[in-house]
Amino acid sequence: MADSILDSIKEAVSGVAGKAEELVESVTGKDLDNDGEVGTEESAKMVEDAKGNVGGIVDKAQNLVESVTGKDLDKDGEVGTEETNKMVEDAKGAVAGVVDKGKEVVADTQAAFSAALAGDEAPAEEAPAEEKPAE
């Protein structure tokens, strides 16, 4: 029984090692096991898929930088994409809203201090009406 368990473990490890070797061959382009083949169709597809995913991420990041800077970094005749340009415009709108609110707070604070320094009482804020408990 112990021998069959050990054989199963050896087989599993050998299978994993073989898959890893095929993947490394596909990445490096070298026939590491000298079997006359560089990786397998499956490992080559895995490598190509990974390259495509990384390339897509890099392209999206570059387009976002173009949208932020307004410069055509990849010289494709376009600055960013519709999606990245919208992302930047939305972010600018959100920042502008925060800035406007900050200006309101500063103005209100200055008015309150000015009133306090002049001896006037700052306008009292209305207390919220008490809610009646639901019956």
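The coordinates are above.
What exactly am I supposed to notice about the overall build of the chain here?
Check the secondary structure of the chain and you find three helices and zero strands. Out of the 135 residues belonging to the chain, those deemed buried represent 10%. If you sum the accessible surface of the chain, you get close to 11100 Å²; carbon and sulfur atoms cover 59% of it.

Mind showing me how you'd approach helix α3 (residues 82–117) here?
In an α-helix, one turn spans 3.6 residues, which is why side chains three or four residues apart end up on the same side. For α3, spanning 36 residues, the distance from its first C-alpha to its last is 52 Å, which sits close to the expected 52 Å at 1.5 Å a residue. When α3 is considered as a whole, its buried residues turn out to be T84, V88 and A115. Those residues of α3 hidden inside the fold are in contact with α2 (41–69). Positioned one or two residues after α3, G119 has a phi angle of 90°, which is positive.

Looking at this model, I keep getting lost on the pattern of salt bridges. Mind explaining?
If you walk through the whole model with that rule in mind, you get five salt bridges. Across the pair K92 and E89 runs a salt bridge whose closest N-O atoms are separated by 3.7 Å. Taken as a pair, K92 and E89 lie in helix α3 at a separation of three residues, close to a single helical turn. In this structure E89 comes out as partly exposed when scored by relative accessible area, which is 49%.

Before we go on, may I ask you to explain the side chain of S43 in this structure?
One can find S43 in helix α2. On the basis of relative accessibility, which here comes to 4%, the residue S43 falls in the buried class. Within polar-contact distance, the side chain of S43 engages the side chain of S26 at 2.6 Å.

What is the right way to look at α2 in this model?
Taking 1.5 Å of rise per residue, 29 residues should cover 42 Å, and α2 covers 42 Å from first to last C-alpha, within 8% of that figure. S43, V47, N63, E66 and S67 are the residues of α2 that are buried. Immediately beyond the C-terminal end of α2, within one or two residues, lies G70, with a positive phi of roughly 75°.

I would appreciate a short explanation of the side chain of S67 in the present structure.
With respect to the secondary-structure elements, S67 resides in helix α2. Residue classification places S67 among the buried positions, given a relative accessible area of 10%. Within the local environment of S67, its side chain forms a polar contact with the side chain of T84, the two groups lying 2.7 Å apart. S67 has contacts with V79, G80, T81, T84, N85 and V88, leaving out every residue within four places of it along the chain.

Thresholds applied
Residues numbered from 1 in each chain as written. Predicted model: local features only at pLDDT ≥ 70, side-chain atom pairs only at ≥ 80, totals over all residues. Heavy atoms only, no water. Helix = DSSP H or I, 4+ residues; strand = E, 2+ residues; numbered from the N terminus. Buried < 20%, exposed > 50% of the residue type's maximum accessible area, 1.4 Å probe, protein only. Areas by Shrake-Rupley, 256 points an atom, 1.4 Å probe, with all protein chains shown as cover. Expected span 1.5 Å × (residues − 1). Contact = heavy atoms within 4.5 Å. Salt bridge = Lys/Arg side-chain N within 4 Å of Asp/Glu carboxyl O. Polar contact = N/O pair within 3.5 Å; in protein donor to acceptor, adjacent residues only side chain to side chain.

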